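Report on the structure
One letter stands for each residue in the lines below.
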Amino acid sequence: MTTHTSSPATDTTAALAELSRLPQDAFVARLDGIFEHSPWIAERAWSAGPFTSVDALHAAMCLVVDNAAQSEQLALICAHPELAGKEAEEGTLTTASTGEQRGAGLDQCSKEELQRLRDLNKAYRERFGFPFVIAVKGLSRYQIMDGVEARLANDRDTEFRTCLKEIGKIARFRLDALFAAQG
C-alpha cells in the first residue's frame, strides 16, 4: 500500500485556492486577526484574488494599507495594544498578540523592566500620538525596550511609516502561522 503525503507547499496552495473561492464575508472571517482589529483590510483585498501564494496575499493586503486614507492608517496603528500594557495586564489581548508578547518574554518582565517599558510606551505615545508598534517575533524584551528608546529620536512621519512597515511584518508572521496550521 502506498501512502501519499502532501508537501507543505501543496497544502498551502490548496488552502490558498480554497480561501480564494470563499465569498467575501467568509474570506474576511478566515483572515480575522491578521491585521489587528482591522477587517477592512481583508475586505478590500478580497477582490485581488485568486491568491496563488502567501506572498501574493500579503502583498495585496499591504497594498490596501498603503492605499488607505491616512486616518485609516492611523486607526490601524492605534488598533495595536501597547506592549505589556493594560490589555496584557487585564488579559484582553487578542490570542495572536498574547502569543507574540509571550514569545518575546514580555510576560516575564521584572517589576523594574515592566515600569521601564510602560514609561517608554507613555513617552512614545505622548511624542507621536499613537502606540509603539514593532514585530516582536525573534526579539527579546531588552531589544524591544532599546527599540522604543531609539525610535523616540525619530520624527512623527518616520515613526508613522515605521509602524505601518512593522504592522506589515506582523501580518506576514500571522499569515505564515495561519497557513502552517492548515498544512
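Residues numbered from 1 in each chain as written. Predicted model: local features only at pLDDT ≥ 70, side-chain atom pairs only at ≥ 80, totals over all residues. Heavy atoms only, no water.

1. A look at the nonpolar core
Note the cut-off: Among the buried residues, those of types Ala, Val, Leu, Ile, Met, Phe, Trp, Tyr and Cys that are joined through side-chain atoms within 4.5 Å form a nonpolar core. For each residue, the accessible area found with a 1.4 Å probe, counting protein chains only, is set against the maximum for its type, and the residue is called buried under 20%, exposed over 50%, and partly exposed in between. Elements are defined by DSSP. Helices are runs of H or I of four residues or more, strands are runs of E of two residues or more, and each kind is numbered from the N terminus. By definition in these notes, contact holds between two residues if any of their heavy atoms fall within 4.5 Å.
Counting residues in hydrophobic clusters, the biggest one holds 51 residues, and the most contacted among them are Leu31, Phe35, Leu57 and Met61. Elements with a minimum of two residues in this core: α1 (8-21), α2 (24-30), α3 (39-45), α4 (54-67), α5 (70-78), α8 (111-128), α9 (141-151) and α10 (156-182). The element best represented in this core is α10, accounting for 8 residues. The residues contacting Leu31, other than those within four sequence positions of it, are Leu19, Ala42, Leu57, Met61, Leu175 and Leu178.

2. Considerations on the layout of surface pockets
To be explicit about the condition: Residues are called lining when one of their atoms sits within 4 Å of a cavity or pocket point, these points coming from a 1 Å grid over the protein atoms alone, where a cavity is a set in which a 1.4 Å probe fits but cannot get out and a pocket is an open set with protein on both sides within 12 Å along at least five of seven lines. Grid points are joined across faces, edges and corners, and a volume is the space filled by probe spheres set on the points. Here the term charged refers only to Asp, Glu, Lys and Arg, the term nonpolar to Ala, Val, Leu, Ile, Met, Phe, Trp, Tyr, Cys and Pro, and the term polar to all other amino acids, Gly among them.
In this structure, the largest pocket encloses a volume near 330 Å³. As for the largest pocket, its lining consists of 23 residues, of which Asp32, Gly33, Ile34, Ala96 and Arg174 are closest to the centre. Those elements that provide at least two residues to the lining of the largest pocket are α2, α3, α7 (95-103) and α10. Per element, the largest residue contribution to the lining of the largest pocket is 4 residues, and it comes from α10. The residue inventory of the lining of the largest pocket, partitioned by class, reads 12 nonpolar, 5 polar and 6 charged. Volume-wise, the second largest pocket comes out at about 210 Å³. In terms of lining, the second largest pocket is formed by 13 residues, of which the most central are Ala84, Ala88, Gln101, Leu106 and Asp107. For the lining of the second largest pocket, the elements supplying multiple residues, two or more each, are α7 and α8. If you tally residues by element for the lining of the second largest pocket, the top one is α7, at 3 residues.

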